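Structural overview
The lines below spell out each chain.
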Amino acid sequence: MATDTIAAHDDHHHGPEKGLLRWVKTTNHKDIGSLYLWFSFMMLLVGGAFAMVIRAELFMPGIQVVDPHFFNSMTTMHGLIMVFGAIMPAFVGLGNWLIPMMVGAPDMALPRMNNWSFWILPFAGAILLSTFFMEGGAPAFGWTFYAPLSTTFAPDSTDFFIFAVHLLGFSSIMGAINIIATVLNMRAPDMKLMDMPLFVWTWLITSFLLIGAMPVLAGAVTMMLTDRNFGTSFFDAAGGGDPVMFQHIFWFFGHPEVYIMILPAFGVISHIIPTFARKPLFGYSSMVYATAAIAFLSYIVWAHHMFLTGMPVAGQLYFMYATMLIAVPTGVKVFNWVATMWKGSMTFETPMLWALSFVFLFTIGGFSGLMLGIVPADIQYHDTYFVVAHFHYVLVTGALWSIIAAVFYWFPKWTGKMYNESLAKIHFWWSIISVNILFFPQHFLGLAGMPRRIPDYNLQFADFNMISSIGAFMFGASFILFTYIIIDGIRNGKPAKARPWESAKGLEWTLGSPAEYHSFDKAPSRKAIEQESQHTSVA
Amino acid sequence: MSSKDSYYVPHGTYWPIIGSIGIATMFVGMANMFHGVSWGGSVTALGLGIVLFMMFGWLGQVVNESVNGLYNSQVDRSFRWGMSWFIFSEVMFFAAFFGALFYAREFAIPWLSGEGNNQFTPDLWNGFVQTWPEIAFKTPAAELRNGTALSVPTELIDTWGLPALNTAILLLSGVTLTFAHHALRAGERNKIIGWLVATIALGVAFLGFQIAEYGHAYDIGLKLNSGIYGSTFFMLTGFHGFHVTVGALMLIVILYRVQKGHFSKENHFGFEGVAWYWHFVDVVWLGLFVFVYWI
Ligand code: HEM
Ligand SMILES: [Cu+2]
């Protein structure tokens, strides 16, 4: 080990090492970005498989496929794996790949730590999944792991779950610190903050959310751990504690967490729409300020998840109005995207299709969120399938949509190849039709009163559930095609130009396709930065 | 090529994967230990050993590179950003526990005692008597839900005894550390060493008194399972004590590095990073002293 220290520093211009160990040892932001993205894709498939089990059970009323306890484990692990294993790592992967290229840096600021933030994840994932094989089964208390379900009444495997959450937290915090240091310290000297592309901006702000929120989650699971094993009474009313306090601490983390999963998505969309509308982004600086405003507000609205816990009316009112406020900066963003497209010369390549449908579908999720934020309405909707529909519109057709859009958009830059455009379009239409068959009826189910996290239901819910399940199986199958398109593109794709989208802006397009192993050994000039900035008009 | 003009990007490292294996081993060991599995303790120790090995190896390598002049001022700034936001994340971790303390004190306990017309916990714990700190508190359940009996403390910990002394000690250690920093900037090696040794000694004294204090707490019946006050008391002071221990160990490493002549007047981020950490631990203690011991 000692040999790789000093001697290695001047092999700056070398390419990657050979062999599998390259991936274990790597400190290169592109390698690590790829590791994150593949890991996240695998987790997406695992979490997706759990979802298929859930929808199979819900296909018809009655208990057919799995027993109720295992059903609960499925919903719990599905949620945990999708949030912590699929969406978050995918965004860190995108950040790793793109941020150094977008700010004109050679690599991430703390490359060894970058390796560590990735290589903790497989261990966390393994510990989390290993709970399935323990006595008492995997956690079954929902991804929100409310006490006392997760303290007094949970199986032993919960302690493994707690440690897995700790590991995930370490990883996220290190990743966030690295991104802050990279953006603030590695940026090309001539790039001012207000020159930064929006993906960089949104990730910078997301990093602050991560560093503020993840440690609080760590605190929550630590309290759970001691309540479970050492007789403390944080969440036990017999000792003066309060199970509702768990919810406060959890959602103090949890609401920023949902913005952790959507702000980078906003960044991605703000790159794709201008490219294919052939117009500069409308309202660049308002986008930046809106992102910051959303991040700030996300810290002070958490109890809108808890309207039914019996909080004082003043609390309900405050959290309701604060929640409504978030719609303002979010609306600014949506209007800016629409204004960017206004009178643009639009074309509809695959990334644009995903981005465009993001604007529609995410907005549906935003509106249902507003409805949920209204106290008297939420009394009706809380813990029903309406909530499930809401967060799937924001997370699947929001966060995941933007990730898929990003994969198609930057695929040529990463691989040097073009994917198969016609297959990709088929995949898009297949996905968007099936995802709506899957989630739209869940609104009706929820409004009619079907509770969430339940393996069986009343007969009146049967039709919509069957439709939803059919959509789910179709959507699940779309990932077979997706996998094929990606692998086929990497293997057989036509070589891509350095700037495969004619009006794409950004320093990353000034590099080759595939981008060189080390991004910018020399910082880009002011002229290059200006030419590639998101505010100058497209020639 | 001269390493000073370009950002140092290390190539290939095994330390992170070793660290991951270490932490995962430690956590798996701990979870098993909590469940009374016989090998839990030794696996925990093994994992901890691997983590320590990794820390020494990794940081040792960084020190080596720094001493060999591979880092430029930009790398130095990356370390500064990294350390400051790491400390901020620690602040938020403590904030969660302080938050629990405030919540329990301001909301949970009063509500349990019937405040707010008893509308929040109607008849849930009839006969619950509010006290803070919970001295001779009454709870209708003699034991917690998970079956462990609650330990009810019989007297208060005297704020102006050991806790006040420890406050003075930690504040003083912040001062001595600042003197060490001034000496470092003036390049007076003997003074640096003197002030550093003083700081470490104060840190160790703090820890010693803290242990004595824990003994006393146990004697009067204030334990982890003394209800919410005992929970917040021990978790806050415990995590703080852990941080003081880590800080003291880091100061010892810095002392060693000073003796080795690793630092120059201008260039001593290692020293400063540890000093920031120490001041952070100091500030947390002030919060503890006020909210846990005093008011
Ligand atoms: C206009 C913005 C939004 C508003 C006003 C809003 C409001 C709400 C409210 C009030 C709830 C609680 C419903 C209940 O349990 O009764 C909720 C749940 C949820 N929201 Fe949103 N939301 C918004 C955007 C988002 C975004 C962007 C995401 C993620 C990307 C998200 C993810 C979630 C999740 C995961 C839940 C369910 C949590 C659980 O498991 O109980 N929301 N939202
Ligand atoms: Cu929320």
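Residue indices follow the written sequence of each chain, beginning from 1 at its first position. Naming scheme: in the order in which they are written, chains are lettered from A and ligands are numbered from 1. It should be noted that, the model being predicted, local features are given only for residues of pLDDT at least 70 and side-chain atom pairs only at 80 or more, the latter also being counted only at that level, while totals for whole chains, interfaces and linings use all residues.

If you tally the helices and strands in chain A, you get 17 helices and 0 strands. For 539 residues, the compact-globule estimate of 2.2 N^0.38 gives 24 Å, and chain A sits close to it at 23 Å. Along the first, second and third principal axes, the C-alpha set of chain A runs to 65 × 60 × 45 Å. Buried positions account for 59% of the 539 residues belonging to chain A. Only runs of H or I of at least four residues qualify as helices and only runs of E of at least two qualify as strands under DSSP, and these elements are numbered from the N terminus. In this treatment the radius of gyration is a C-alpha quantity, and the globule benchmark scales as 2.2 Å times the residue count to the 0.38 power. For the exposure call, what matters is how many other C-beta atoms sit within 10 Å of a residue's own: 20 or more marks it buried, 12 or fewer exposed, and in between partly exposed, using C-beta atoms placed from the backbone.

With 89% of its residues at a pLDDT of 70 or more, chain B has an overall mean of 89. Scoring the predicted complex yields pTM 0.94 and, for the interface, ipTM 0.94. For every residue, the pLDDT score states the predictor's confidence, bounded by 0 at the bottom and 100 at the top.

Moving on, we get to the site of ligand 1. Residues and elements named next belong to chain A. Only the C-beta atom matters for this test: placed from the backbone, it must lie within 6 Å of a molecule or strand for the residue to be near it. For ligand 1, the set of nearby residues contains 25 residues, the closest of which are V258, G369, L372, H382 and F391. Residue assignment for the shell around ligand 1 shows that the elements contributing at least two residues are α11 (313-341), α12 (350-373), α13 (375-381) and α14 (385-415). For the shell around ligand 1, the element with the highest residue contribution is α14, accounting for 7 residues. Put simply, Ala, Val, Leu, Ile, Met, Phe, Trp, Tyr, Cys and Pro go in the nonpolar bin, Asp, Glu, Lys and Arg in the charged bin, and everything else, Gly too, in the polar bin. For the shell around ligand 1, the per-class residue count stands at 13 nonpolar, 11 polar and 1 charged.

Time to look at the domain arrangement of chain B. Domain boundaries shown here were taken from an automatic or database domain assignment. Per the domain assignment, the segments making up chain B are domain 1 (11-70) and domain 2 (75-294). Computed from C-alpha atoms alone, the centre-to-centre distance between domain 1 of chain B and domain 2 of chain B is 25 Å.

Here the contact rule is simple: place C-beta atoms from the backbone, and any two residues whose C-beta atoms are within 7 Å are in contact. The partner chain A presents 67 residues to the 68 residues of chain B that form the contact. Elements that contribute at least two residues to the side of chain B that touches chain A include exactly α1 (15-34), α2 (40-67), α3 (73-112) and α6 (227-259) of chain B. Looking at the side of chain B that touches chain A element by element, the count peaks at 22 residues for α3 of chain B. Looking at the side of chain B that touches chain A residue by residue, the classes come out as 40 nonpolar, 23 polar and 5 charged.

What follows covers the packing of helix α4 (residues 68-102) of chain A against helix α6 (residues 157-185) of chain A. All names here are of chain A. Note on method: axes are straight lines fitted to C-alpha atoms, helices fitted across the in-contact stretch only, with angles between N-to-C directions ranging 0 to 180 degrees. Close contact between α4 and α6 brings their axes to 11 Å; oriented N to C, the two are set at 20°. Considering their axes alone, α4 and α6 lie roughly parallel with respect to each other. When the axes of α4 and α6 are compared, the crossing they make is left-handed. Residues F84, M88, V92, G95, I99 and P100 of α4 form the contact with α6, whose participating residues are L168, S172, G175, I179, T182 and V183. Split into classes, the residues belonging to the contact of α4 with α6 amount to 8 nonpolar, 4 polar and no charged. Relative orientations are named as follows: roughly parallel for angles under 35 degrees, roughly antiparallel for angles over 145 degrees, roughly perpendicular for angles from 65 to 115 degrees, and oblique for any other angle. Note: crossing handedness is left-handed where the near helix turns anticlockwise from the far helix by less than a right angle, and right-handed where it turns clockwise.

Quick look at the nonpolar core now. Note on terminology: a nonpolar core is a set of buried residues of type Ala, Val, Leu, Ile, Met, Phe, Trp, Tyr or Cys, with members joined through C-beta atoms within 7 Å. Core analysis: the largest hydrophobic core is formed by 245 residues, its most contacted members being I87, A220 and A405 of chain A. Not counting residues within four places of it along the chain, the set of residues in contact with A405 of chain A comprises V268, I272, P351, W354, A355 and F358 of chain A. Ranked by size, the runner-up nonpolar core spans 6 residues in total, among them Y7, V9, V75 and F79 of chain B.

Turning our attention to the packing of helix α10 (residues 284-298) of chain A against α11 of chain A. All names here are of chain A. Relative orientation of the contacting elements α10 and α11 amounts to 155°, with a least axis distance of 9 Å. By the angle class used here, α10 and α11 are roughly antiparallel. Two packed elements cross with a definite hand, and for α10 against α11 that hand is left-handed. Of α11, the residues touching α10 (which contributes S286, M287, A290, A293, I294 and L297) are A322, L325, I326, P329, T330, V332, K333 and N336. Across the contact of α10 with α11, the residue classes tally to 10 nonpolar, 3 polar and 1 charged.

This part covers unusual backbone geometry. Residues and elements named next belong to chain A. In the segment running from A147 into P148, the intervening peptide bond is cis, with an omega of 0°. Cis geometry marks the peptide bond from S513 to P514; its omega dihedral reads -5°. Along the chain, P514 turns up in the loop between α16 (462-492) and α17 (526-531). In this model, R278 sits at a positive phi of 55°, which is unusual for a non-glycine residue. The topology assignment puts R278 in the loop between α9 (263-277) and α10. Residue class for R278 comes out partly exposed when judged on the 18 C-beta atoms lying within 10 Å of it. A positive phi angle, close to 60°, is found at D383, a residue other than glycine. Within the secondary structure, D383 sits in the loop between α13 and α14.

Take the environment of P111 of chain A next. Within the element layout of this structure, P111 of chain A appears in helix α5 (residues 111-130). In this structure the C-alpha to C-alpha distance between P111 of chain A and H29 of chain A, which are 82 residues apart in sequence, comes to 7.3 Å. Sequence-distant contacts of P111 of chain A, that is, excluding residues within four places in its chain, are made with T27 of chain A together with V9 and P10 of chain B.

Below, the discussion takes up helix α5 (residues 189-219) of chain B. Residue and element names in this part refer to chain B. Over its 31 residues, α5 extends 45 Å from the first C-alpha to the last, a length consistent with the 45 Å expected when each residue adds 1.5 Å. Residues of α5 that are buried make contact with α4 (162-186) and α6. G221 sits one or two residues past α5 and shows a positive phi near 90°. Expected helix span is given by 1.5 Å per residue-to-residue step, counting one fewer step than there are residues.

The subject of this paragraph is the environment of I480 of chain A. All names here are of chain A. Along the polypeptide, I480 turns up in helix α16. Residue I480 is classed as exposed on the basis of its C-beta count, with 10 C-beta atoms lying within 10 Å. Through-space distance from the C-alpha of I480 to that of L45 is 9.9 Å; in sequence the pair is 435 residues apart.

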